[in-house]
Amino acid sequence: MAKAKSAFVCTECGAEYRKWQGQCSSCQEWNTLSEVRLSSTRPGASGSSGGSAGRSGYSGAVSREVVDLANVDLGEVPRLTSTFEEFDRVLGGGLVPGSAVLLGGHPGAGKSTLLLQTACKQAQQRRVLYVTGEESLSQVAMRARRLQLPTQGLQMLAETSIETILGVAERERPDVLIIDSIQTTHLEDIASAPGGVAQVRESAAALTRFAKQSSTVLMLVGHVTKDGTLAGPKVLEHMIDASLLLEGGADSRFRTLRGLKNRFGAVNELGVFAMLEHGLKEVKNPSAIFLSRNEEQAPGSLVMVVWEGTRPILVEVQALLDDSALGNPRRVAVGLDQNRLAMLLAVLHRHGGLFTGDQDVFLNVVGGVKVLETSADLAVLLAVVSSLQSRSLPRELVVFGEVGLSGEIRPVPSGQERIVEAAKHGFKRAIVPRGNAPKQSPEGMEVVPVDKLSDALDAL
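Residues numbered from 1 in each chain as written. Predicted model: local features only at pLDDT ≥ 70, side-chain atom pairs only at ≥ 80, totals over all residues. Heavy atoms only, no water.

### Examining the overall build of the chain
(1) Moving on: From N to C terminus, the chain includes 12 helices and 21 strands.
(2) Moving on: Buried residues in the chain amount to 50% of all 460 residues.
(3) Moving on: Summing over all exposed atoms, the chain offers an accessible surface of approximately 21,800 Å²; the carbon and sulfur share of this is 50%. (Helix = DSSP H or I, 4+ residues; strand = E, 2+ residues; numbered from the N terminus. Buried < 20%, exposed > 50% of the residue type's maximum accessible area, 1.4 Å probe, protein only. Areas by Shrake-Rupley, 256 points an atom, 1.4 Å probe, with all protein chains shown as cover.)

### As for the sheet that holds strand β16 (residues 359–365)
In a beta sheet, neighbouring strands are held together by backbone hydrogen bonds and run either parallel or antiparallel to one another.
(1) Moving on: The mixed open sheet is built from 7 strands, whose spatial order is β15-β16-β14-β13-β17-β20-β21. For this open sheet the edge positions go to β15 (331–334) and β21 (446–450), each flanked by a neighbour on one side alone. Each neighbouring strand pair of the sheet contributes to a mean axis angle of 25 degrees, computed without reference to strand direction.
(2) Moving on: In terms of strand pairing, strand β13 (residues 301–308) meets strand β14 (residues 311–323) through 8 bridges, oriented antiparallel. Bridging from a neighbouring strand, Leu302 pairs with Val317 of β14.
(3) Moving on: The strands that helix α9 (residues 338–352) touches are β15 and β16; relative to β15, the one it contacts most, it runs at about 125 degrees.
(4) Moving on: Helix α10 (residues 377–388) contacts β13, β14, β16, β17 (397–399), β20 (429–433) and β21 of the sheet and is inclined by roughly 35 degrees relative to β14. (Pairing = 2+ DSSP bridges. Axes fitted to C-alpha atoms, helices over the stretch in contact; angles between N-to-C directions. Contact = heavy atoms within 4.5 Å.)

### A word on a nonpolar patch on the surface
(1) Moving on: Among the surface-exposed residues, Val67, Leu69 and Val72 lie close enough to one another that they form a single nonpolar patch of about 300 Å² accessible area.
(2) Moving on: The partly exposed category is assigned to Val67, whose relative accessible area is 47%. (Patch = residues over 30% accessible without salt bridge, like charges linked within 9 Å, V, L, I, M, F, W, Y side chains within 5 Å. Salt bridge = Lys/Arg side-chain N within 4 Å of Asp/Glu carboxyl O.)

### Examining the confidence of the model for the chain
(1) Moving on: Looking at the chain, pLDDT values average 86 and 89% of them are 70 or higher.
(2) Moving on: When pLDDT is averaged over each element of the chain, strand β18 (residues 402–403) comes out on top at 97 and helix α1 (residues 51–55) at the bottom at 46.
(3) Moving on: In the predicted structure, residues 44–53 sits below a pLDDT of 50 and forms 12 contacts with residues beyond four places in sequence or in another chain. (pLDDT = per-residue confidence, 0-100.)

### Side note on the pairing of strand β5 (residues 128–132)
(1) Moving on: Taken across its 5 residues, β5 has 5 buried, putting it largely inside the fold.
(2) Moving on: Burial along β5 is two-sided: the face carrying Val128, Tyr130 and Thr132 and the face carrying Leu129 and Val131 are both buried.
(3) Moving on: By the bridge criterion, 5 bridges tie β5 to strand β7 (residues 176–180) in an arrangement that is parallel. By the bridge assignment for β7, Val131 is matched with Ile179.
(4) Moving on: As judged from the 4 bridges shared by β5 and strand β6 (residues 155–158), these two strands associate in the parallel manner. Directly across from Val131, in β6, lies its bridge partner Leu157.

### Overview of empty space enclosed by the protein
(1) Moving on: Considering all chains together, one arrives at 1 cavity of 30 Å³ or more under this definition.
(2) Moving on: Computed from the structure, the largest cavity encloses a volume of approximately 40 Å³.
(3) Moving on: Along the walls of the largest cavity sit Arg79, Leu91, Gly94, Leu95, Val96, Ser99, Val101, Ala242, Asn262 and Phe264, which together make up its complete lining.
(4) Moving on: A breakdown of the residues in the lining of the largest cavity according to their chemical character gives 6 nonpolar, 3 polar and 1 charged. (1 Å grid on protein atoms, 1.4 Å probe; cavity = no way out; pocket = protein on both sides within 12 Å on 5 of 7 lines; lining within 4 Å. Points joined across faces, edges and corners; volume = space filled by probe spheres on them. Nonpolar A, V, L, I, M, F, W, Y, C, P; charged D, E, K, R; others polar.)

### A look at the nonpolar core
(1) Moving on: Core analysis: the biggest nonpolar cluster contains 47 residues, and Leu378 and Ile431 have the highest contact counts within it.
(2) Moving on: By residue number, the principal contributor to this core is α10, which donates 8 residues.
(3) Moving on: Apart from the residues within four sequence positions on either side, Leu378 is in contact with Val399, Phe400, Gly401, Val403, Ile409, Ile431, Val450, Leu453 and Ala456.
(4) Moving on: Within the second largest apolar cluster, 33 residues are counted, among which are Phe87, Val90, Leu246 and Leu257. (Core = buried A, V, L, I, M, F, W, Y, C linked by side-chain atoms within 4.5 Å.)

### Considerations on the pairing of β16
(1) Moving on: Of all 7 residues in β16, 5 are buried, a share of seventy percent or more.
(2) Moving on: Pairing between β14 and β16: 7 bridges, direction antiparallel. Directly across from Ala319, in β16, lies its bridge partner Leu363.
(3) Moving on: As judged from the 4 bridges shared by β15 and β16, these two strands associate in the parallel manner. Bridging across to β16, Val334 finds its partner in Asn364.
(4) Moving on: With respect to chirality, the unit in which β15 leads through α9 into the neighbouring parallel β16 is left-handed. (Right-handed = clockwise from strand over helix to strand, strands pointing away.)

### Section: the side chain of Glu408
(1) Moving on: Examined against the element boundaries, Glu408 turns out to sit in the loop between β18 and β19 (409–410).
(2) Moving on: For Glu408, the residues in contact, after removing those within four places along its chain, are Glu402, Val403, Asp451 and Lys452.

### Comments concerning the environment of Tyr130
(1) Moving on: Here Tyr130 shows up in strand β5.
(2) Moving on: Take Tyr130: its relative accessible area is 0%, and that puts it in the buried class.
(3) Moving on: Tyr130 sits 44 residues away from Pro174 along the chain, and the two C-alpha atoms are 9.6 Å apart.
(4) Moving on: Among all residues touching Tyr130, those that are not within four sequence positions of it are Ser112, Leu115, Leu116, Ala119, Leu154, Gln155, Met156, Leu157, Ile178 and Asp180.
(5) Moving on: For Tyr130, the side chain forms a polar contact with the side chain of Asp180, separated by 3.1 Å. (Polar contact = N/O pair within 3.5 Å; in protein donor to acceptor, adjacent residues only side chain to side chain.)

Laid out in structure tokens, this is it:
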């Protein structure tokens, strides 16, 4: 019997090494190399083949000759609807045949619920195979009945062996193949336990190869670690076409679906769902739920317009400043970058003349939204000023803009669309960068363009 070949793979970046070493030379991380046994046979669409033949056609149809890119046939590939408009929005317009989609999220976020709802509704139009490795068929059936879903036509399989799953998929030829979850699957010729680096990597590679060769939509459920990143080797995220993250705390009924990677659409697209008694329901107007404010306006509260994927969303930011009893005052930011908050407070002191070095600063984005762009800078500073001076801001005021280190207010992308969205929700006044000021303001709205932080403070 030939000796099994092995390699050492970095779980952070996916780099391979012939020998073990303490530090990965690619990403400079320590103690991240894990031994992976390379299988001699890799299951493909036909069930078996070894060596280069097993990997042939990994990305779809094989081209044996060099082809000019201008001569490649761009045949129109129809997208399949997931039956959820918010899901299709995050995917870039729907499911692409032959693509691999990875859905991650914390336990209890609703990954299995979302995919079961999608599978049951899609099964009324096309062939869908749902493979469960974490639950029994009776448990899935009980959940489907509780959610009052149509169960006719959905093909179910309780299996964790990749060889068996591929054999059934080859026989049934489904249009959509759902694996719940990739961490429970295993290949027989890989010695490590399910969920290990080797098993996750090789199992995902075999399933993705089948999806590419058979034009099947592959949807994988992935677990996440404590810090919210997808568990398993980093190479798993490289081999799939779209990586989605379903977020939502146990104390909130709202769930956000964010695109982290998408080869067929915009990245950082956001879809919003509400967890109700009969499963997840899409929220068509996210700004409405994030703007559910009290009638009495409190100091430190302000509305800003953030851009998520291809649409603007209005969210409320709250700031609270209090005298600090510590030598090193606290800086706490929920939903925003804490390091950027410290930088903005320094800009406020240097160019706004307001000192916060003796104050504890607490910042929160209402609704559990995570703001990843710099358009929230100006709104954050004005909310801090409002709390520091104990002065409430008008309810009809909306603010956005990036703040530079020299106190200048820089324009942000899609400024016109942000202003129009704010006008639709009844806001009467907007403080925006001069570069984003429209030639003609929307009817009923006053747009105040500013160049510097001092101009924005005067506009209050």
